[in-house]
Number of protein chains: 6
Amino acid sequence: MRLNHDFRDLSLELGVQLHAEGSCLVKLGRTHVLCSARLEDRVPSWMKGQGRGWITAEYGMLPGSTHTRTDREAAKGKQQGRTVEIQRLIGRSLRQAVDLAVLGERQLTLDCDVLNADGGTRCAAITGAWVALVLALRGAGLESALLRQIAALSVGFVETESPTQRRGLVLDLEYEEDHRAAVDANLVAARGLQGGALEIVEFQSTGEGRSFTREEGLALLDLGLNGCERLMAAQREALG
Amino acid sequence: MRLNHDFRDLSLELGVQLHAEGSCLVKLGRTHVLCSARLEDRVPSWMKGQGRGWITAEYGMLPGSTHTRTDREAAKGKQQGRTVEIQRLIGRSLRQAVDLAVLGERQLTLDCDVLNADGGTRCAAITGAWVALVLALRGAGLESALLRQIAALSVGFVETESPTQRRGLVLDLEYEEDHRAAVDANLVAARGLQGGALEIVEFQSTGEGRSFTREEGLALLDLGLNGCERLMAAQREALG
Amino acid sequence: MRLNHDFRDLSLELGVQLHAEGSCLVKLGRTHVLCSARLEDRVPSWMKGQGRGWITAEYGMLPGSTHTRTDREAAKGKQQGRTVEIQRLIGRSLRQAVDLAVLGERQLTLDCDVLNADGGTRCAAITGAWVALVLALRGAGLESALLRQIAALSVGFVETESPTQRRGLVLDLEYEEDHRAAVDANLVAARGLQGGALEIVEFQSTGEGRSFTREEGLALLDLGLNGCERLMAAQREALG
Amino acid sequence: MRLNHDFRDLSLELGVQLHAEGSCLVKLGRTHVLCSARLEDRVPSWMKGQGRGWITAEYGMLPGSTHTRTDREAAKGKQQGRTVEIQRLIGRSLRQAVDLAVLGERQLTLDCDVLNADGGTRCAAITGAWVALVLALRGAGLESALLRQIAALSVGFVETESPTQRRGLVLDLEYEEDHRAAVDANLVAARGLQGGALEIVEFQSTGEGRSFTREEGLALLDLGLNGCERLMAAQREALG
Amino acid sequence: MRLNHDFRDLSLELGVQLHAEGSCLVKLGRTHVLCSARLEDRVPSWMKGQGRGWITAEYGMLPGSTHTRTDREAAKGKQQGRTVEIQRLIGRSLRQAVDLAVLGERQLTLDCDVLNADGGTRCAAITGAWVALVLALRGAGLESALLRQIAALSVGFVETESPTQRRGLVLDLEYEEDHRAAVDANLVAARGLQGGALEIVEFQSTGEGRSFTREEGLALLDLGLNGCERLMAAQREALG
Amino acid sequence: MRLNHDFRDLSLELGVQLHAEGSCLVKLGRTHVLCSARLEDRVPSWMKGQGRGWITAEYGMLPGSTHTRTDREAAKGKQQGRTVEIQRLIGRSLRQAVDLAVLGERQLTLDCDVLNADGGTRCAAITGAWVALVLALRGAGLESALLRQIAALSVGFVETESPTQRRGLVLDLEYEEDHRAAVDANLVAARGLQGGALEIVEFQSTGEGRSFTREEGLALLDLGLNGCERLMAAQREALG
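Residues numbered from 1 in each chain as written. Chains lettered and ligands numbered in written order. Predicted model: local features only at pLDDT ≥ 70, side-chain atom pairs only at ≥ 80, totals over all residues. Heavy atoms only, no water.

What chain A contains, in helices and strands, is six helices and nine strands. In summary, chain A has a C-alpha radius of gyration of 18 Å against a globular reference of 18 Å for 240 residues, a match within 12%. Expressed along its principal axes, the backbone C-alpha trace of chain A runs to roughly 55 × 45 × 30 Å. Classification of the 240 residues of chain A by burial places 61% in the buried group. For chain A, contacts bridging at least 24 residues in sequence account for 70% of all contacts bridging at least 6. Accessible surface computed for chain A: about 8,700 Å², of which carbon and sulfur atoms make up 48%. Each charge class in chain A was averaged separately, 28 positive and 32 negative side chains, and the resulting centres sit 3 Å apart. (Helix = DSSP H or I, 4+ residues; strand = E, 2+ residues; numbered from the N terminus. Rg over C-alpha atoms; globule rule 2.2 N^0.38 Å. Buried < 20%, exposed > 50% of the residue type's maximum accessible area, 1.4 Å probe, protein only. Contact = heavy atoms within 4.5 Å. Areas by Shrake-Rupley, 256 points an atom, 1.4 Å probe, with all protein chains shown as cover. Lys, Arg positive; Asp, Glu negative; His and termini not counted. Charge placed at Lys NZ, Arg CZ, Asp CG, Glu CD.)

This is the structure in structure tokens:
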């Protein structure tokens with residue numbers, strides 16, 4: 001049984017998409033997300049002429065990635081609310097990684113497609129998208145635009161009677177744990193490239209079946225920060 | 001000048017929509033949101049036969065509510081990502097107010113339409129929707145399904161040079177303050193009907209131009225909890 | 001009981017939308033419509049370079065405005081046929097109010113959102129939109145572009161057995177009367193700013209359960225003109 | 001030159017759509033509309049169990065029917081406002097032709113597709129759709145459900161300097177006349193099958209560049225009624 | 001009974017759409033398709049500045065054209081997969097008819113609308129669209145851009161027990177034959193204007209209930225080529 | 001340099017989607033397609049009660065799979081014509097693999113998502129989808145429903161001056177070859193499980209810049225059949 005403060009086995013495979021300026025297949029246990037970073041010499045029309053760049057993200061789940069088949073959003077003609085919420089979070093988070101003025105009038109689009117879903121796909125997507133983003137900047141000689149390292153993990157309070165499952169305050173929830181979580185949070189953490197203490201980019205905590213105290217909120221935050229510290233080491237190692 | 005820990009002038013006008021089972025026009029300074037609660041004797045198909053109810057929310061901005069005209073989403077044929085994100089937050093928050101099993105196979109839909117926007121519309125919507133929800137339950141003799149009081153406020157760190165504007169850690173941000181906020185958070189707080197300490201339903205904190213420390217995160221949370229405490233008193237007073 | 005040739009209690013509240021160039025909340029009995037007029041320094045692409053302005057309208061019903069909840073068109077991704085028909089009528093009608101050459105290359109958008117619906121919403125919208133339009137022109141120093149006063153009322157033949165309800169030829173139908181009307185008409189009337197006789201901008205008469213004679217058509221028209229005469233006095237009074 | 005009170009050369013060709021329960025290709029000068037009436041043993045879900053039928057209409061213009069190519073609405077994924085307005089008018093008008101209780105739980109769908117457009121397509125569509133509807137009822141042995149004869153024509157006040165063109169109050173406007181019309185009206189007329197005076201089903205009159213007096217409105221109506229009287233004779237002759 | 005190698009009675013009526021640069025109503029037995037060719041002095045944005053033209057096609061079925069009413073794609077807001085597939089085939093095929101460099105920066109749009117459907121509508125559309133295209137080029141003095149003659153027919157292996165129906169390898173399948181076909185193919189053939197052997201533009205063969213041998217494929221192809229040879233004579237005769 | 005009659009290096013990786021009933025990642029050179037087969041105990045409503053199953057397919061390209069980023073169809077709200085055409089081809093082809101009566105009232109959905117695109121994605125998708133389909137049937141104990149083996153390859157005539165590139169009649173075109181192909185064909189081949197000669201399920205041949213003779217068509221077909229013969233051996237080996 002995995003310990004409460006452990007995240008799942010992590011693998012970061014670089015360059016799996018041959019045409020993308022940067023790409024990373026992140027596997028966190030049975031959650032697999034393919035992240036690509038595409039760099040284009042244009043910005044959205046509302047940003048033109050400001051000399052600054054833009055970063056945006058899109059997220060999707062392959063129909064075969066889930067327990068029962070997920071409808072293909074392209075066929076339905078509409079992205080679900082959950083999809084929209086997640087891709088906005090990824091975009092906001094990764095914009096903190098880059099100095100948009102140094103990037104210049106370029107757009108980075110981060111596409112995160114879930115090949116296998118077992119909880120924590122949005123956090124895995126952020127973690128992998130940062131790696132893809134770094135590769136894309138490197139390839140274009142734009143590494144000086146990189147400002148911060150970004151990684152994300154989920155934390156929560158899980159309630160279960162089973163002696164063979166994790167309970168209480170746990171890091172990096174699998175689908176089954178997430179399903180039983182009374183409180184669920186996603187932490188996106190950042191650190192400057194020169195090091196220094198880990199800081200927070202986003203902390204979203206939600207009571208699913210109950211509300212929670214400020215002390216519980218603080219415990220979630222601290223476990224998440226601790227986990228992201230270790231996750232960032234793995235990102236740096238993968239990038240060499 | 002408003003003090004850092006004050007929220008704006010609040011008015012809660014009940015029953016403004018004549019056909020709705022419950023309605024409340026909430027005015028928080030120059031932010032005005034019309035909230036209605038509609039009660040129907042049906043649940044979504046995926047919930048049928050479970051004997052439980054459902055609560056969902058929809059959010060919109062009137063085209064005339066903003067500085068420059070906002071496109072009508074019905075005419076564009078699509079809700080914006082921001083809209084989707086907000087209405088999911090309202091729905092999740094208000095589901096914590098009610099015991100869905102006691103509600104029975106009924107659906108409550110909370111419609112929150114912004115008549116005037118000056119920052120904090122999602123928090124005002126949650127605060128007003130709770131009042132509309134209570135009225136709808138009362139009208140239907142379902143007050144026993146009410147579990148918790150819910151209210152929401154924004155908090156943030158605002159950076160400005162102006163001596164006539166609030167700066168630093170402030171409660172209930174106006175549009176201009178929100179625009180200059182380096183860190184921005186929304187707190188949805190809850191308290192059981194029997195009283196007791198205020199707890200957290202959602203705490204969403206976002207670094208907009210920088211990341212922030214755990215101590216800053218805690219300061220945001222504490223100011224938000226303090227503000228919601230006072231906001232809840234106003235809700236109870238409005239409901240008599 | 002209201003007399004057959006009376007319209008309902010009327011209230012015109014100005015400036016209720018703080019950012020809109022002009023706005024008016026019109027209440028005609030239990031029918032409440034919020035009208036805003038937005039003025040922009042651009043015209044649709046097909047009008048560019050002609051030196052003339054354009055006026056268009058959009059209409060919507062808040063989900064909480066009706067007896068049972070009306071689906072939000074933005075969520076369905078499509079405006080209903082009825083909505084499209086009404087907003088085209090409002091646009092055509094208000095274009096008669098203004099000299100588009102004097103307006104210059106500007107667009108006025110009239111948004112009419114129904115807060116409470118009890119029959120006659122399209123006529124109330126036209127009546128209120130004219131007030132909002134005048135305010136917007138005034139604020140921009142463009143009052144010289146104003147050409148005509150515009151107001152609208154419904155008329156119909158109502159069939160009922162009830163001694164306590166209006167029957168026969170009646171002005172300004174409530175929802176229940178409209179429901180029982182065998183013939184239903186909407187009259188949009190105009191008068192030049194220098195006075196003179198009331199004229200017709202649109203007269204749309206429809207047999208709902210039967211056809212009607214030319215004499216009945218004429219009676220509908222005359223009652224409508226008489227009502228609009230009095231309605232226009234109220235508009236002028238509201239504008240001071 | 002055609003006289004002011006004449007409609008264009010009329011041809012009504014029956015049965016041109018081989019599978020449709022009823023069909024009629026109506027040619028009014030250079031305006032050609034293909035109308036079909038399809039009869040199905042079902043009603044919309046909101047009408048089920050009432051023992052009554054329903055009539056609805058759809059309208060479209062082939063891309064090749066107009067001076068410059070009209071975009072295909074199916075390719076754009078959206079019907080224009082004008083299309084929606086017209087098909088609602090056709091549906092309302094034809095519902096007056098039939099006793100829906102005698103029709104029973106059946107739906108008649110009237111499809112009106114414009115092959116060539118030269119003004120007056122909505123009126124031609126109504127005139128042809130009535131013929132198609134009668135054929136469909138005959139074929140199904142449901143002629144007893146027929147209640148009234150329906151026909152429609154446009155009328156207007158045309159302003160022109162040209163001595164070779166019609167001016168003033170004219171019947172059945174061609175595209176060029178419609179373009180120069182200051183006032184434009186569509187009349188849908190009805191007569192019971194036992195004869196009697198012609199009555200009005202819809203009278204929609206619109207000032208395009210000016211408003212108009214009640215006397216002008218009456219003159220439009222009278223010319224339209226006179227024209228429809230003669231048009232109905234042609235419909236009856238075509239049906240044998 | 002029609003012989004296996006005969007196509008149905010063919011009629012090509014020219015100029016039926018009065019505004020279109022070219023038009024042709026093709027009738028192949030009970031399959032009737034109205035084809036128009038519209039010529040515009042613009043190309044899609046991705047082709048601008050190349051000095052070359054473009055040819056595209058759109059296809060639709062009138063709701064009244066089929067055994068039971070076909071839903072109007074404009075009303076559903078979406079073209080079916082079958083529609084998309086067919087209009088891509090028509091466009092690809094007709095692009096082989098024209099030297100796009102000689103056409104210059106112009107777009108030809110071929111609209112093919114089925115008035116009556118009895119099998120083979122896509123082939124009839126291609127055959128008629130070529131005639132409409134020639135008329136449009138002639139009218140614009142662009143006949144020098146014409147490169148090849150194009151025509152299309154279906155072929156298939158039909159299985160039936162009935163002694164009064166065609167069976168085995170047959171040309172130009174009616175709906176009932178197509179329904180019973182085990183193998184179904186569409187051949188689009190071309191010939192240079194100077195004559196020479198017939199060549200293939202598209203050959204699409206599909207096993208519907210079984211697979212088929214290369215010899216069967218060859219037999220389908222040869223019968224199709226033979227039929228197209230004769231079909232092209234009829235096209236030339238119609239164009240005079 | 002690859003020989004004209006060789007297909008690219010092939011790899012078939014089984015079970016890469018953990019929740020899917022069957023899945024296969026097919027790599028044909030630099031073209032990588034992830035195929036999943038989902039089995040559900042339901043059929044489309046139009047097939048209910050017939051005791052037969054159904055097979056359908058959906059296709060998509062990840063935004064990061066192409067030279068320049070491909071727009072996400074889910075975000076645009078619409079599948080492209082090319083996508084629709086391809087997924088219809090995949091569905092038709094794979095329906096030939098299975099006896100739908102033996103399958104019973106179940107639906108198999110084949111999702112084919114392109115991770116890397118370098119030409120021939122639709123053929124690779126068909127080849128991989130068959131492997132995924134077999135795995136899904138095996139897992140459900142439904143292997144008796146399997147009727148035929150299915151595989152697909154592209155063939156074409158490529159024109160180039162380069163001495164280092166393949167020219168003339170070539171098998172399995174890469175993107176660059178496809179781009180220069182004057183004639184392009186896709187062959188879907190089938191063989192019964194008991195062996196016997198290879199047969200044709202679909203043969204789609206298209207002249208891109210010129211038409212082609214029946215002899216050229218036959219040469220394309222024969223090379224394709226030869227290639228599929230060898231491809232099928234690889235499929236069988238992968239399945240053990």
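Below, the discussion takes up the relation of the copies chain F and chain A. In screw terms, the move from chain F to chain A is a rotation of 180° and a rise of 0.0 Å along the axis, fitting with an RMSD of 0.0 Å. Considering both components of the superposition, the chain copies are consistent with a two-fold axis. (Least-squares fit on C-alpha atoms with pLDDT ≥ 70 in both.)

Okay, the pairing of strand β3 (residues 31–40) of chain C next. All names here are of chain C. Most of β3 is tucked away: nine of the ten residues are buried. In terms of strand pairing, strand β2 (residues 22–28) meets β3 through seven bridges, oriented antiparallel. Opposite L28, over in β3, you have T31 as the bridge partner. The hairpin formed by β2 and β3 contains two residues between the paired strands, and G29 there has a positive phi angle of roughly 60°. Pairing analysis gives nine bridges linking β3 to strand β5 (residues 107–116), with the strands arranged antiparallel. (Pairing = 2+ DSSP bridges.)

Residues and elements named next belong to chain E. Along strand β5 (residues 107–116), ten of the ten residues are buried, which leaves the element largely enclosed by surrounding structure. With eight bridges connecting them, strand β4 (residues 54–61) and β5 associate as parallel partners. Among the inter-strand pairings, E58 is bridged to a residue of β5, identified as D111.

Turning our eyes to something else, we now look at the interface of chain F and chain A. Listed per partner, the contact involves 35 residues of chain F and 35 residues of chain A. For the pair chain F and chain A, the two sides together bury roughly 2,900 Å², of which 49% comes from carbon and sulfur. In this assembly, chain F and chain A are joined by ten salt bridges. Between R72 of chain A and D113 of chain F there is a salt bridge; the shortest N-O distance is 2.9 Å. Every element with two or more residues in the side of chain F that touches chain A is listed here: β3 (31–40), β4 (54–61), α1 (73–76) and β5 (107–116) of chain F. No other element matches β5 of chain F, which puts six residues into the side of chain F that touches chain A. Partitioning the side of chain F that touches chain A into residue classes produces twelve nonpolar, 14 polar and nine charged. (Buried area = accessible area lost by both parts, 1.4 Å probe. Salt bridge = Lys/Arg side-chain N within 4 Å of Asp/Glu carboxyl O. Nonpolar A, V, L, I, M, F, W, Y, C, P; charged D, E, K, R; others polar.)

Attention shifts here to the sheet that holds strand β4 (residues 54–61) of chain A. All names here are of chain A. Spatial strand order, β1-β2-β3-β5-β4: five strands in an open sheet with mixed pairing. A single partner strand is all that each edge strand has here, and the edge strands are β1 (10–14) and β4. Each strand of the sheet is rotated relative to its neighbour by a mean of 15°, with strand direction disregarded. Direction of pairing for β1 relative to strand β2 (residues 22–28): antiparallel, over a ladder of five bridges. Within β2, the residue paired with L10 across the bridge is L28. (Axes fitted to C-alpha atoms, helices over the stretch in contact; angles between N-to-C directions.)

Of all residues except glycine, most have a negative phi; of all peptide bonds, most are trans. All names here are of chain B. Positive phi, normally seen in glycine, also occurs at D172, with a value near 55°. With respect to the secondary-structure elements, D172 resides in the loop between β7 (168–171) and α5 (175–179). A relative accessible area of 1% means that D172 is categorised as buried.

As summarised here, the arrangement of the eight strands in space is β7(A)-β6(A)-β8(A)-β9(A)-β9(B)-β8(B)-β6(B)-β7(B), forming an open sheet in which the pairing is antiparallel. In the strand order of this sheet, the two ends are held by β7 (168–171) of chain A together with β7 of chain B, each with one partner. Neighbour-to-neighbour, the strand axes of this sheet turn through a mean angle of 25°, independent of strand direction. The pairing of strand β8 (residues 181–192) of chain A with strand β9 (residues 195–207) of chain A spans nine bridges and is classified as antiparallel. The partner of L187 of chain A across the bridge, within β9 of chain A, is F203 of chain A. Helix α6 (residues 214–239) of chain A rests against β6 (148–158), β7, β8 and β9 of chain A together with β9 (195–207) of chain B of the sheet, and its axis sits at about 135° to β6 of chain A.

For the rest of this paragraph, the subject is the packing of aromatic side chains. Counted according to the given criterion, the structure contains six aromatic pairs over all chains. Plain terms: the ring middles of W46 of chain C and W54 of chain C are 5.1 Å apart, the flat faces sit at 80° to each other, and that makes the pair edge-to-face. Over the aromatic face of F157 of chain A sits the side chain of R210 of chain A, whose NZ or CZ is 5.8 Å from the ring centroid. (Phe/Tyr/Trp six-rings, centres within 6.5 Å; stacked < 30°, edge-to-face > 60°. Lys NZ or Arg CZ within 6 Å of the ring centre and 35° of its normal.)

A few words on the confidence of the model for chain A. Looking at chain A, pLDDT values average 96 and 100% of them are 70 or higher. On the interface metric, ipTM, the complex scores 0.95, and its pTM is 0.93. (pLDDT = per-residue confidence, 0-100.)

A few words on helix α4 (residues 121–139) of chain B. Residue and element names in this part refer to chain B. Its 19 residues give α4 an end-to-end C-alpha distance of 26 Å, which sits within 8% of 27 Å, the value for a rise of 1.5 Å per residue. Taken across its 19 residues, α4 has 17 buried, putting it largely inside the fold. Where α4 ends, the next residue or the one after it, G141, has phi of about 70°, a positive value. (Expected span 1.5 Å × (residues − 1).)

Turning our attention to the state of the cysteines. Under the criterion given, the structure shown has zero disulfides over all chains. In this model C123 of chain C remains outside any disulfide bridge; the closest cysteine sulfur is found in C228 of chain C, 7.5 Å from its own. Of the residues examined, C123 of chain C reaches a relative accessible area of 3% and is grouped as buried. There is no disulfide at C24 of chain E, and the cysteine sulfur nearest it, in C35 of chain E, is 5.9 Å away. (Disulfide = S-S within 2.5 Å.)

Turning next to the nonpolar core. Among soluble globular proteins, nonpolar side chains are generally buried collectively. Ranked by internal contacts, the top residues of the largest apolar core, which has 144 residues, are L94 and L133 of chain C together with L94 and L133 of chain D. Discounting chain neighbours no more than four positions away, the residues touching L133 of chain C are A37, I55, L94, V98, L108, L110 and L146 of chain C. (Core = buried A, V, L, I, M, F, W, Y, C linked by side-chain atoms within 4.5 Å.)

Turn by turn, an α-helix covers 3.6 residues, leaving residues three or four places apart pointing in a common direction. Residues and elements named next belong to chain D. Between the first and last C-alpha of helix α2 (residues 81–95) there are 21 Å, a value that for 15 residues agrees with the 21 Å anticipated at 1.5 Å per step. Burial of α2 is extensive: eleven of the 15 residues sit out of reach of the surface. Burial in α2 covers these residues: T83, V84, E85, I86, Q87, L89, I90, G91, R92, S93 and L94.

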